[in-house]
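# Commentary on secondary and tertiary structure
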Amino acid sequence: GENVEQHPSTLSVQEGDSAVIKCTYSDSASNYFPWYKQELGKRPQLIIDIRSNVGEKKDQRIAVTLNKTAKHFSLHITETQPEDSAVYFCAATSGNNNDMRFGAGTRLTVKP
Amino acid sequence: DAGVTQSPTHLIKTRGQQVTLRCSPKSGHDTVSWYQQALGQGPQFIFQYYEEEERQRGNFPDRFSGHQFPNYSSELNVNALLLGDSALYLCASSLLMRGEQFFGPGTRLTVL
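Residues numbered from 1 in each chain as written. Chains lettered and ligands numbered in written order. Predicted model: local features only at pLDDT ≥ 70, side-chain atom pairs only at ≥ 80, totals over all residues. Heavy atoms only, no water.

The next thing to look at is the sheet that holds strand 3 (residues 19-25) of chain A. Residues and elements named next belong to chain A. Strand order in the open sheet formed by five strands is 1-3-8-7-6, and the pairing between neighbours is antiparallel. The sheet is open, and its two edges are formed by strand 1 (4-7) and strand 6 (56-59), each paired on a single side. On average, each strand axis in the sheet is tilted by 15° relative to the strand beside it, whichever way the strands run. Where strand 7 (residues 62-67) lies against strand 8 (residues 72-77), six bridges are found, and the strand directions are antiparallel. Bridged to Thr-65 within strand 8 is Ser-74. (Pairing = 2+ DSSP bridges. Helix = DSSP H or I, 4+ residues; strand = E, 2+ residues; numbered from the N terminus. Axes fitted to C-alpha atoms, helices over the stretch in contact; angles between N-to-C directions.)

By size, the foremost hydrophobic cluster in this structure holds 23 residues, and its most contacted members are Trp-35, Phe-73, Leu-75 and Leu-108 of chain A. Secondary structure elements with two or more residues in this core: strand 2 (10-14), strand 3, strand 4 (32-38), strand 5 (45-51), strand 7, strand 8, strand 9 (86-92) and strand 11 (106-111) of chain A. Beyond its immediate sequence surroundings of up to four residues, Leu-75 of chain A is in contact with Ala-19, Val-20, Ile-21, Trp-35, Ile-47, Ile-48, Ile-62, Ala-63 and Tyr-88 of chain A. Judged by nonpolar contacts, the second largest core, of 20 residues, contains Leu-11, Leu-21, Tyr-49 and Tyr-89 of chain B. (Core = buried A, V, L, I, M, F, W, Y, C linked by side-chain atoms within 4.5 Å. Buried < 20%, exposed > 50% of the residue type's maximum accessible area, 1.4 Å probe, protein only. Contact = heavy atoms within 4.5 Å.)

Glancing now at the packing of aromatic side chains. With the rule as written, the count across this model stands at 12 aromatic pairs over all chains. Relative to Phe-102 of chain A, the ring of Tyr-36 of chain A lies with its centre 5.7 Å away and its plane at 45°, an arrangement referred to as tilted. Of this pair, Tyr-36 of chain A sits in strand 4 while Phe-102 of chain A sits in strand 10 (residues 101-102); the two residues are 66 residues apart in sequence, bridging distant segments of the chain. A relative accessible area of 1% means that Tyr-36 of chain A is categorised as buried. Under the relative-accessibility criterion, Phe-102 of chain A is labelled buried at 8%. Members of the aromatic cluster, connected to one another through ring pairs, are Tyr-36 and Phe-102 of chain A together with Tyr-35, Phe-45 and Phe-103 of chain B. Taking NZ or CZ as reference, Lys-26 of chain B lies 5.7 Å from the ring centre of Phe-102 of chain B, over its face. (Phe/Tyr/Trp six-rings, centres within 6.5 Å; stacked < 30°, edge-to-face > 60°. Lys NZ or Arg CZ within 6 Å of the ring centre and 35° of its normal.)

Residue and element names in this part refer to chain B. Ordered in space as 1-3-8-7, the four strands form an open sheet in which the pairing is antiparallel. Where the open sheet ends on each side, the last strands, each with one partner, are strand 1 (5-7) and strand 7 (64-68). Direction aside, neighbouring strands of the sheet carry axes that sit 20° apart on average.

Quick look at the state of the cysteines now. As used here, a disulfide is simply a covalent bond connecting the sulfur atoms of two cysteines. Applying the stated rule across the entire model yields two disulfides over all chains. Sulfur-sulfur distance for the disulfide between Cys-23 of chain A and Cys-90 of chain A comes to 1.9 Å. Across the S-S bond linking Cys-23 of chain A and Cys-90 of chain A, the dihedral sits near -100°, which makes this disulfide left-handed. With Cys-23 of chain A in strand 3 and Cys-90 of chain A in strand 9, the pair connects residues that are 67 residues apart, well separated along the chain. Accessibility assignment for this pair places Cys-23 of chain A and Cys-90 of chain A in one class, buried. Paired through a disulfide, Cys-23 of chain B and Cys-91 of chain B show a sulfur-sulfur distance of 1.9 Å. Between Cys-23 of chain B and Cys-91 of chain B the disulfide shows an S-S torsion of about 70°. By sign, it is right-handed. Of this pair, Cys-23 of chain B sits in strand 3 (residues 19-24) while Cys-91 of chain B sits in strand 9 (residues 87-94), and the two are 68 residues apart along the sequence. (Disulfide = S-S within 2.5 Å.)

By themselves, these figures tell us nothing about what the structure is for.
Put into structure tokens, the structure is as follows:
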């Protein structure tokens with residue numbers, strides 16, 4: 001089955017700096033890669049996703065890149081703000097969308 | 001347009017008891033997935049329901065069972081509760097074959 005690894009487990013940046021979180025996956029059949037943001041005590045919220053037919057996707061300050069050959073994908077947050085502080089999870093699943101595997105999470109802290 | 005809802009919000013049970021958690025999917029969605037999220041970890045896939053049938057199951061014992069109703073809502077049942085079953089139980093709804101899964105607020109289960 002799919003195995004998703006995520007690094008780093010914790011990340012601390014100054015407000016305005018960029019943050020990068022990296023994930024690797026094992027199943028070459030995986031073709032959908034979402035990123036979720038989870039604030040303390042709240043539900044995971046989908047912030048951006050990418051499909052395997054696309055190499056990069058951007059939404060304002062957030063971007064995701066995918067390298068299918070190397071089986072890794074990354075989340076990039078630019079101009080970080082204190083409200084970006086949360087735990088971020090990457091995930092991977094196949095087109096059947098019936099078994100989404102999550103990384104262990106990255107706790108991002110943005111210092112004002 | 002209502003999002004994904006879950007009930008109850010919190011639940012306290014003792015070892016050996018049984019519990020039922022409920023989930024109503026986002027309007028227009030037909031697929032419900034259940035996840036267990038232990039403290040400090042990523043969500044772990046339990047199973048997914050579509051057309052009132054279990055499509056896929058993660059690495060969870062038979063003590064975990066579920067059901068989906070004709071209105072697409074779903075239940076998660078856990079029998080013979082163990083201390084290790086204490087976690088946040090999340091359901092996520094989606095359209096079959098579409099990647100985007102949207103999470104409910106979760107049910108915090110504590111087993112004493």
